[in-house]
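# Survey of secondary and tertiary structure
The chain contents come next:
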Amino acid sequence: MNKPKELQEAWDALMGIDKKHYVPTGFYALGDAYLISGKNPQYKNQIMLVEHRGKLQINHWDYTCKKSDCGKQPTITSNGDDGKGNLKRKAPSLTIYE
């Protein structure tokens, strides 16, 4: 599966009913773009696609949506990485909370 198709499928699933979208190498979730960006005002009230792959968090800035337009809530609120993409801590849990 090529990367853009996997990203689009994850985005579509998260815009539907999924809170996390699992793939064999990790999972995708929605992130708070404002907090992940270090509070860049350009990303205020936006959510974005975030990929957790192994020990990496990859922020996909080309997949964003205004919170008011898509009606979804982000589940990831921090970058969690060391500035080089490596996670400083493990994801708190893979459990999907209702």
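Below or above, wherever it landed, is the structure these notes cover. (Residues numbered from 1 in each chain as written. Predicted model: local features only at pLDDT ≥ 70, side-chain atom pairs only at ≥ 80, totals over all residues. Heavy atoms only, no water.)

What follows deals with the pairing of strand 3 (residues 46–53). The element strand 3 is extensively covered by neighbouring structure, given that 7 of its 8 residues are classed as buried. Where strand 2 (residues 26–32) lies against strand 3, 7 bridges are found, and the strand directions are antiparallel. Residue pairing for strand 3: Tyr28 is matched across the bridge by Glu51. The loop that links strand 3 with its antiparallel partner strand 4 (residues 56–66) comprises 2 residues; one of these, Gly54, has a positive phi angle of about 60°. (Buried < 20%, exposed > 50% of the residue type's maximum accessible area, 1.4 Å probe, protein only. Helix = DSSP H or I, 4+ residues; strand = E, 2+ residues; numbered from the N terminus. Pairing = 2+ DSSP bridges.)

Taken in spatial order, the 4 strands of this open sheet run 1-2-3-4, and their pairing is antiparallel. With partners counted over all chains shown, the strands left at the sheet margins are strand 1 (21–23) and strand 4, one partner each. With strand direction ignored, the average angle separating the axes of adjacent strands in the sheet is 25°. In this sheet, strand 4 lies alongside strand 3 in antiparallel orientation, the contact comprising 8 bridges. For Leu49, the partnering residue across the bridge sits in strand 4 and is His60. (Axes fitted to C-alpha atoms, helices over the stretch in contact; angles between N-to-C directions.)

This part takes up the environment of Asp18. Residue placement: Asp18 occurs in the loop between helix 1 (3–15) and strand 1. Classification of Asp18 as partly exposed rests on a relative accessible area of 31%. Each C-alpha atom, one on Asp18 and one on Ala29, is 8.7 Å from the other, the two residues being 11 residues apart in sequence. Discounting chain neighbours no more than four positions away, the residues touching Asp18 are Ala13 and Lys72. (Contact = heavy atoms within 4.5 Å.)

Below, the discussion takes up the nonpolar core. Counting residues in hydrophobic clusters, the biggest one holds 12 residues: Leu7, Ala10, Trp11, Leu14, Val23, Tyr28, Leu30, Ile47, Leu49, Tyr63, Cys65 and Cys70. At the level of elements, helix 1, strand 2, strand 3 and strand 4 are the ones that each hand at least two residues to this core. Here this core takes 4 residues from helix 1, the largest share from any one element. With near-sequence residues (within four places) excluded, Trp11 lies in contact with Leu30, Ile47, Met48, Leu49, Tyr63, Thr64 and Cys65. Counting residues in hydrophobic clusters, the runner-up holds 8 residues, among them Ala29, Ile36, Met48 and Val50. (Core = buried A, V, L, I, M, F, W, Y, C linked by side-chain atoms within 4.5 Å.)

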